[in-house]
Amino acid sequence: MQNLKVIAQGARYRGGNPMWSWLLHRVTGVGMVLFVVAHITASFLTQRFGSGAGMAINAVYESPAFQLVMYFCVIYHALNGLRVIILDIRPSLMRFQRETLWLQWLTFVPIYALAVLLILLRAASGE
Amino acid sequence: MIKVHLKIKRFNPEKDKKPWWGEYDVEVEPTDRVLDAIHEVKWNIDGTLALRRSCAHGVCGSDAMRINGRNRLACHRLIRDEIQNGQITIEPLLGLRVIKDLIVDMEPFFAHYRSIMPYLVNDTDPGPRERLQSPEDRARFDDTTKCILCAACTTSCPSFWARGEYVGPAAIVQAHRFIFDSRDQGAAERLEVLGDSNGVWRCRTVFNCTEACPRGIEVTKAIGEVKQAIATGKVR
């Protein structure tokens, strides 16, 4: 509930790019937690009961669309987390925080583009 | 003179069930301050509008409010810099209880301020003269001496919105000012306060505080330095 309250307040406050990067960090974090919960639930249902529900959940998160979203979440969350860790370790770099955001996106784009390419090629090949 | 449409969030808990938007048209110079436009409303249109201001020159920090969605001092921002399509939107600070209109309850903010002992701690005898300090030692905490306790930083912080018990950026800035002062001997006590669960570790390095500070203090950097002082135990 607190997360929702903060996100609602954040949406009303115009903090600019640094705040949006933090909000996206939260949202992608929640996305990854949901994925892990779905994955564990699917494995449990399939292995314990041989349930069709487990296979249905599997089919959702193995779909290309879900993988595109998931890769976005993981890569963004990892790079933004790394950026914040570096800034926390070296506070003197904080005056360049806007530049670090650009650097983060410059790193993100080729990595995510490669992931997108591989996911789409795999989907096209029908594997 | 230009015409400005002011949209001000109003709320009187004695009369209103929920906040409402007061809309006023005023004529001001582009080089007037947002505070002048609010004065125009207060003095000539609707005297019930409540706001805080004292020096009106960016020194006392009384008139912090959300102007077009961002924390700003109304006496610090010019109409020409804030006007958007002929309109300026003004709201009270987030995260503190609204007493009336643009006035929020600052007591929780000042309680956090007091908790970090915002005064010089040194029981040794200074001798017949003042305590001397080198220019380099003075420069170490120069940035954080500029704080005017307007609360723009603390009330722009998502961690503070989520948890009012968090001491907040302004209190940490004030602590930084003394922790890194070579004449002070209270760093260990302050770092203990700031190292607990409602201290510096609630900072998520969002930078809203740095963006909001009307004095241009590098607030997030100061918080980062306090985090390092706690982690390493080194303050000099």
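Residues numbered from 1 in each chain as written. Chains lettered and ligands numbered in written order. Predicted model: local features only at pLDDT ≥ 70, side-chain atom pairs only at ≥ 80, totals over all residues. Heavy atoms only, no water.

**Q** Help me out: how do you make sense of the interface of chain B and chain A in this one?
**A** How big an interface is tends to be stated in terms of accessible area lost as the parts join. Residue-level contacts link 26 residues of chain B with 24 residues of chain A. For the pair chain B and chain A, the summed buried surface comes to about 2,400 Å²; carbon and sulfur atoms form 52% of the total. Here chain B and chain A share three salt bridges between them. The partner of Glu211(B) in a salt bridge is Arg98(A), and the shortest N-O contact between them spans 2.8 Å. Taken together, the connections running from chain B to chain A amount to 10 residue pairs in polar contact (both at pLDDT 80 or more). If you list the elements that add at least two residues to the side of chain B that touches chain A, you get strand S4 (70-73), helix H5 (158-162), helix H8 (208-212) and helix H9 (219-232) of chain B. It is H9(B) that contributes the most residues to the side of chain B that touches chain A, six residues altogether. (Contact = heavy atoms within 4.5 Å. Buried area = accessible area lost by both parts, 1.4 Å probe. Salt bridge = Lys/Arg side-chain N within 4 Å of Asp/Glu carboxyl O. Polar contact = N/O pair within 3.5 Å; in protein donor to acceptor, adjacent residues only side chain to side chain. Helix = DSSP H or I, 4+ residues; strand = E, 2+ residues; numbered from the N terminus.)

**Q** Teacher, can you tell me more about helix H3 (residues 52-61) of chain A here?
**A** Within H3(A), burial applies to Gly54(A), Asn58(A) and Tyr61(A). Projected onto a plane normal to the axis of H3(A), the buried residues spread over an arc of 75 degrees and lie on a single side. (Buried < 20%, exposed > 50% of the residue type's maximum accessible area, 1.4 Å probe, protein only. Arc of directions from axis to C-beta.)

**Q** Whenever I open this one, the domain arrangement of chain B confuses me. Can you help?
**A** Residue and element names in this part refer to chain B. Parsing chain B into structural domains produces domain 1 (2-99) and domain 2 (107-232). Tallying the contact residues gives 13 residues for domain 1 and 14 residues for domain 2. Summed over both sides, the interface of domain 1 with domain 2 buries roughly 1,000 Å², with 63% coming from carbon and sulfur. Of all residues in domain 1, the largest losses of buried area upon contact with domain 2 belong to Asn71, Leu94 and Leu96, amounting jointly to 43% of the total for that side. Counting every contact that joins domain 1 to domain 2 gives zero salt bridges. (Domains from an automatic or database assignment.)

**Q** Would you mind showing me how to read the pairing of S4(B) here?
**A** Each regular strand shows side chains that alternate between the opposite faces of the sheet. Residue and element names in this part refer to chain B. Note that strand S3 (residues 64-67) and S4 share four bridges and pair antiparallel. Paired with Met65 across the two strands is Arg72, which belongs to S4. Counting the residues in the hairpin turn of S3 and S4 gives two residues, including Asn68, whose phi is positive at 50 degrees. (Pairing = 2+ DSSP bridges.)

**Q** Is there a simple way to think about empty space enclosed by the protein in this case?
**A** Take a probe with the size of a water molecule and roll it over the atoms, and the empty space left behind shows itself. All names here are of chain B. The full count for this structure, using the stated rule, is two cavities of 30 Å³ or more. Its boundaries defined by the atoms lining it, the largest cavity holds a volume of some 90 Å³. Lining the largest cavity we find 14 residues, and of these Cys147, Ile148, Cys150, Cys153 and Cys213 sit closest to its centre. Looking at side-chain class alone, the lining of the largest cavity contains 13 nonpolar, no polar and one charged residues. Considered as a void within the structure, the second largest cavity measures approximately 80 Å³ in volume. Listed by contribution, the elements that provide at least two residues to the lining of the second largest cavity are H8 and H9. (1 Å grid on protein atoms, 1.4 Å probe; cavity = no way out; pocket = protein on both sides within 12 Å on 5 of 7 lines; lining within 4 Å. Points joined across faces, edges and corners; volume = space filled by probe spheres on them. Nonpolar A, V, L, I, M, F, W, Y, C, P; charged D, E, K, R; others polar.)

**Q** Help me understand the pattern of salt bridges, please; the structure alone is not making it clear to me.
**A** When their charged atoms lie close together, side chains carrying opposite charge are able to pair. Residues and elements named next belong to chain B. Enumeration according to the criterion identifies 18 salt bridges over all chains in this entry. The shortest N-O distance in the salt bridge between Glu91 and Arg66 comes to 3.4 Å. On the criterion of sequence distance, the pair formed by Glu91 in strand S5 (residues 87-91) and Arg66 in strand S3 is long-range, its members being 25 residues apart. Of the two residues examined, Glu91 and Arg66, each falls in the buried class. With its nearest N and O atoms 2.7 Å apart, the salt bridge here joins Arg190 to Asp184. Both residues of the pair, Arg190 and Asp184, belong to the buried class.

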